[in-house]
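Chain by chain, the residues run as shown.
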Amino acid sequence: MTVKKIIPCLDMKNGKVVKGIKFENVKDVGDPPSFASKYENDGADEIAFLDISATVEGRQTLLKAVAATASVISVPLAVGGGIRSKNDMEEVINAGASKVSINSAAVLDPNVVRECADAFGSERLIIAIDAKLDGDKWIVYTHGGMRSAGIDAVEWAKKAEELGAGEILLTSIDADGEKSGYDVPLTAAVADAVKIPVTASGGCGSVEHIYDVLTRTKAASALAASIFHYNEYTVADVKKYLRERGVNVRC
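For the structure given in this document, a descriptive report is provided here. Starting afresh in each chain, residues are numbered from 1 along the sequence in its written order. Residues qualify for local features only when their pLDDT is at least 70, as the model is predicted, and side-chain atom pairs are given and counted only at 80 or more; totals for whole chains, interfaces and linings, by contrast, use all residues. Excluded from the side-chain calculations are hydrogens and water; all other atoms, namely the structure's heavy atoms, are used.

Moving on to helix H5 (residues 111-120). Only protein chains enter the accessibility calculation, which uses a 1.4 Å probe; a residue whose area is less than 20% of its type maximum is buried, one above 50% is exposed, and one in between is partly exposed. Under the scheme used here, helices are H or I runs from DSSP no shorter than 4 residues and strands are E runs no shorter than 2 residues, and both carry numbers assigned from the N terminus. Those residues of H5 lying buried are Val 112, Val 113, Cys 116 and Ala 117. An end-on view of H5 places all buried positions within 125° of arc, on one side of the element. Note on contacts: a residue pair qualifies if any of its non-hydrogen atoms lie within 4.5 Å across the two residues. If you follow the buried residues of H5, they end up packed against helix H3 (86-94), strand E6 (99-102), helix H4 (104-108), strand E7 (125-134) and helix H6 (153-163). Trailing H5 by a residue or two, Gly 121 shows a phi angle of about 95°, which is positive. Directions drawn from the helix axis to the C-beta atoms are what define this arc.

Printed below as a string of structure tokens:
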């Protein structure tokens, strides 16, 4: 039975952990190293560190914040935001990232996916997909959810896998921050279309939502932020709930 992962997410802006709704109205909630350390102690399988304003502001991700966060944890640290090339990826890895997530740059130039996978291995490369429902299709958005790329999210996930991506981080813009549950149809469609692991993101408001997305889709992991940042649940709470209901998670 596949072991499912629970991944707390640190959305970063100006060096601070923030949280918003549908990628807007973000508010500071704390310091990244302290959050990351707490989450590891609570049983997180991985920590996601996403610099949500780097691409919009045309800059690289915050390397000092990455290094500070990596220095206090031993679980994998997945870093994304503002990464445009294999050189950027190398700098982030050198700062302490275990994996690197690329979004906008990969959509704008898919060759970046192959170049990064060839240079560092597919196992270190995550392609992040931010998607919003448009008619009967989910469309990819870039630049922090601000620009429509006009391409089908499911087809882009398949293409990213072909180019060498090792994982997909899939965020529903429609569900993000709403705390009403993950977009199960979107997650199922993408996870069914690829063989690489898919992490579900956007909309988590309860342990039931995590159970729902991990049992109704082929998602390998569930990412959450608000429920952990505001101490509504701990990672240990989530894993206990899942374990009691037959979901295979690490202790």
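This next bit is on the environment of Ala 165. Mapping Ala 165 onto the fold places it in the loop between H6 and strand E10 (167-172). By relative accessible area, which is 4% here, Ala 165 ends up buried. The sequence separation of Ala 165 and Val 113 amounts to 52 residues, and the corresponding C-alpha distance is 6.6 Å. In contact with Ala 165, not counting residues within four places along its chain, are Val 113, Ser 122, Leu 125, Ile 127, Ala 160 and Ile 196.

Attention shifts here to unusual backbone geometry. Among all residues save glycine, negative phi is the norm, and among peptide bonds the norm is trans. One non-glycine residue, His 143, lies in positive phi territory at about 55°. Positionally, His 143 belongs in the loop between strand E8 (137-142) and strand E9 (147-152). Positive phi is not limited to glycine here, since Lys 179 has a value of about 60°. Turning to its location among the elements, Lys 179 is positioned in the loop between E10 and helix H7 (184-193).

Turning next to helix H10 (residues 235-244). By the burial criterion, the buried members of H10 are Val 235, Val 238, Lys 239, Tyr 241 and Leu 242. One face of H10 carries all of its buried residues, which in axial projection span an arc of 160°. Gly 246 sits one or two residues past H10 and shows a positive phi near 85°.

Take the pairing of strand E5 (residues 77-80) next. Taking every second residue as pointing to the same face, both faces of E5 are buried, with Leu 77 and Val 79 on one and Ala 78 and Gly 80 on the other. Pairing of E5 with E6, which is carried by three bridges, proceeds in the parallel orientation. By the bridge assignment, Ala 78 is partnered in E6 with Lys 99. By convention a crossover is right-handed if, when the strands point away from the viewer, the path from the first strand over the helix to the second runs clockwise. Read from E5 through H3 to E6, the crossover connection turns out right-handed. Strands were regarded as paired on the criterion that DSSP finds at least two bridges between them.

Turning next to the side chain of Asp 88. Along the polypeptide, Asp 88 turns up in helix H3. Asp 88 gets classed as buried once you look at its relative accessible area, which sits at 9%. Among the polar contacts listed, one links the side chain of Asp 88 to the backbone nitrogen of Arg 84, at a separation of 2.9 Å. Counting of polar contacts relies on pairs of N or O atoms within 3.5 Å, with two restrictions inside protein: one atom must be capable of donating a hydrogen and the other of accepting it, and residues adjacent in sequence are counted only when both atoms are side-chain atoms.

Attention now moves to empty space enclosed by the protein. Where empty space is left in the structure can be found by rolling a water-sized probe over the atoms. For cavity detection a 1 Å grid was placed over the protein atoms alone, and a set of points counts as a cavity when a 1.4 Å probe fits there but cannot get out; an open set counts as a pocket when protein lies on both sides within 12 Å along at least five of seven lines, with lining residues being those that have an atom within 4 Å of a point. Grid points are joined across faces, edges and corners, and a volume is the space filled by probe spheres set on the points. The full count for this structure, using the stated rule, is one cavity of 30 Å³ or more. Each pocket or cavity is described by its volume, and for the largest cavity that value is around 90 Å³. Around the largest cavity, the lining residues are Ile 7, Glu 46, Ala 48, Leu 50, Ala 78, Ser 101, Ile 126, Glu 167, Ile 168, Leu 169, Thr 199 and Leu 223. It is E10 that provides the largest number of residues to the lining of the largest cavity, a total of three residues. Here the term charged refers only to Asp, Glu, Lys and Arg, the term nonpolar to Ala, Val, Leu, Ile, Met, Phe, Trp, Tyr, Cys and Pro, and the term polar to all other amino acids, Gly among them. Looking at the lining of the largest cavity residue by residue, the class counts come to eight nonpolar, two polar and two charged.

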